[in-house]
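# Working through the structure, step by step
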Amino acid sequence: MHYLEETRPQRPLLPQDVLKRAKVREICEVITSGVQPLQNLIVLIHVGEEKKKEWAQHWITRGFRAIEKLLSTSAGKFCVGDEITLADCCLVPQVFNARRFHVDLRPYPIILRIDRELEGHPAFRAAHPSNQPDCPPEAANF
């Protein structure tokens, strides 16, 4: 994502405002360090088929509680204000995984609202796993 930010300055994913940039980085860090890695395939294989759903639900729920709290002070139309940022790019795949693992998303109204806003955006629609040529049929409906 940083490569895209640096090579495509005409479509910035980090705000100009230094405090908003810091908030974007904070949200990204929670997701990329505390939620997403714990759902990697190698981790889920190690946890085992019988515990994988419980494991994923635990870490997604824990992370979403923290993210929802952060968003309560930063969200506008998107994660940080009204422009799409790196934080939105990190959040949307985690909502997909939350649905995949049947996490109750009702306690996260800000996350859900942002996800609904982004699901109609052409770039997010094109990037959705169900729109990829190698998407397995069982993943197409999350």
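Along each chain, numbering runs from 1 in the same order as the chain's sequence is written. Given that this is a predicted model, residues contribute local features only at a pLDDT of at least 70 and side-chain atom pairs are listed and counted only at 80 or more, while totals for whole chains, interfaces and linings are drawn from all residues. Side-chain numbers here rest on the full set of heavy atoms in the structure, without hydrogens or water.

### A few points about the overall build of the protein chain
- The way it works is that DSSP assigns letters per residue, a run of H or I at least four long becomes a helix, a run of E at least two long becomes a strand, and they are numbered from the N terminus. Along its length, the protein chain carries seven helices and zero strands.
- Projected onto the principal axes, the alpha-carbon positions of the protein chain cover approximately 45 × 35 × 25 Å.
- Only protein chains enter the area calculation, which uses a 1.4 Å probe; residues under 20% of their type maximum are buried, those over 50% are exposed, and those in between are partly exposed. Residues classed as buried in the protein chain amount to 37% of the 142 residues present.
- Any two residues having at least one pair of non-hydrogen atoms within 4.5 Å are treated as being in contact. A separation threshold of at least 6 residues defines the contact pool for the protein chain, and within that pool the share at least 24 residues apart is 69%.
- Taken as a whole, the protein chain presents about 8,700 Å² of accessible surface, with 56% of it coming from carbon and sulfur.
- The positive count covers Lys and Arg only, the negative count covers Asp and Glu only, and His and the chain ends enter neither. A single reference atom marks each charge: NZ on Lys, CZ on Arg, CG on Asp, CD on Glu. Across the protein chain, the 19 positively charged side chains and the 18 negatively charged ones have centroids separated by 3 Å. Accessible surface is estimated by sampling points in the Shrake-Rupley manner with a 1.4 Å probe; for residues, cover comes only from the protein chains shown.

### Considerations on unusual backbone geometry
- Phi at histidine 102 is positive, roughly 60°, even though this residue is not glycine.
- Within the fold, histidine 102 resides in the loop between helix H5 (86-100) and helix H6 (109-119).

### Quick look at the state of the cysteines
- Disulfides are defined as pairs of cysteine sulfur atoms found within 2.5 Å of each other. If you walk through the whole model with that rule in mind, you get zero disulfides.
- Cysteine 28 carries a free sulfur, and the closest cysteine sulfur to it, the one in cysteine 90, is 3.7 Å from it.
- Taking the relative accessible area as the measure of exposure, cysteine 90 reaches 8% and is therefore buried.

### Comments concerning the packing of aromatic side chains
- Any two of the Phe, Tyr and Trp rings considered here, Trp counted by its six-membered ring, make a pair once their centres fall within 6.5 Å; the pair's planes then place it as stacked at under 30 degrees, edge-to-face at over 60, or tilted in between. Enumeration according to the criterion identifies two aromatic pairs in this entry.
- Relative to tyrosine 108, the ring of phenylalanine 64 has its centre 5.6 Å away and its plane inclined at 85°; by these criteria the two rings are edge-to-face. Highlighted residues: phenylalanine 64 in helix H4 (residues 52-74) and tyrosine 108 in the loop between H5 and H6, separated in sequence by 44 residues. Exposure class is identical for phenylalanine 64 and tyrosine 108. Each is buried.

### Comments concerning the pattern of salt bridges
- When a carboxyl oxygen of Asp or Glu lies within 4 Å of a side-chain nitrogen of Lys or Arg, that pair is called a salt bridge. Within this structure, the stated rule accounts for six salt bridges.
- The partner of glutamate 26 in a salt bridge is lysine 23, with the nearest N and O atoms 3.0 Å apart. A residue pair is termed a helical-turn pair when its members lie 3 or 4 positions apart in one helix, as glutamate 26 and lysine 23 do in helix H2 (residues 18-34) at three residues.
- Between arginine 106 and aspartate 104 there is a salt bridge whose closest N-O contact spans 2.9 Å.
- Using a relative accessible area of 38% as the deciding quantity, one classes aspartate 104 as partly exposed.

### What about the nonpolar core?
- Nine residue types can take part in a nonpolar core, namely buried Ala, Val, Leu, Ile, Met, Phe, Trp, Tyr and Cys, and a core is a set of them joined through side-chain atoms within 4.5 Å. Residues Phe64, Leu71 and Leu91 are the most contacted members of the largest nonpolar core, which totals 35 residues.
- Residue assignment for this core shows that the elements contributing at least two residues are H2, H4, H5 and H6.
- With residues near it in sequence (within four places) discarded, leucine 71 still touches Ile27, Cys79, Leu91, Ile110, Ile111 and Ile114.

### A closer look at the UniProt feature "domain: GST C-terminal" (unreviewed entry) in the protein chain
- UniProt positions are given in the numbering used here, feature names are shortened, and annotations may be inferred rather than shown by experiment. Those residues carrying the UniProt feature "domain: GST C-terminal" (unreviewed entry) are residues 17-137 in this numbering.
- With 65% helix and 0% strand, residues 17-137 has end C-alpha atoms that lie 42 Å from one another.

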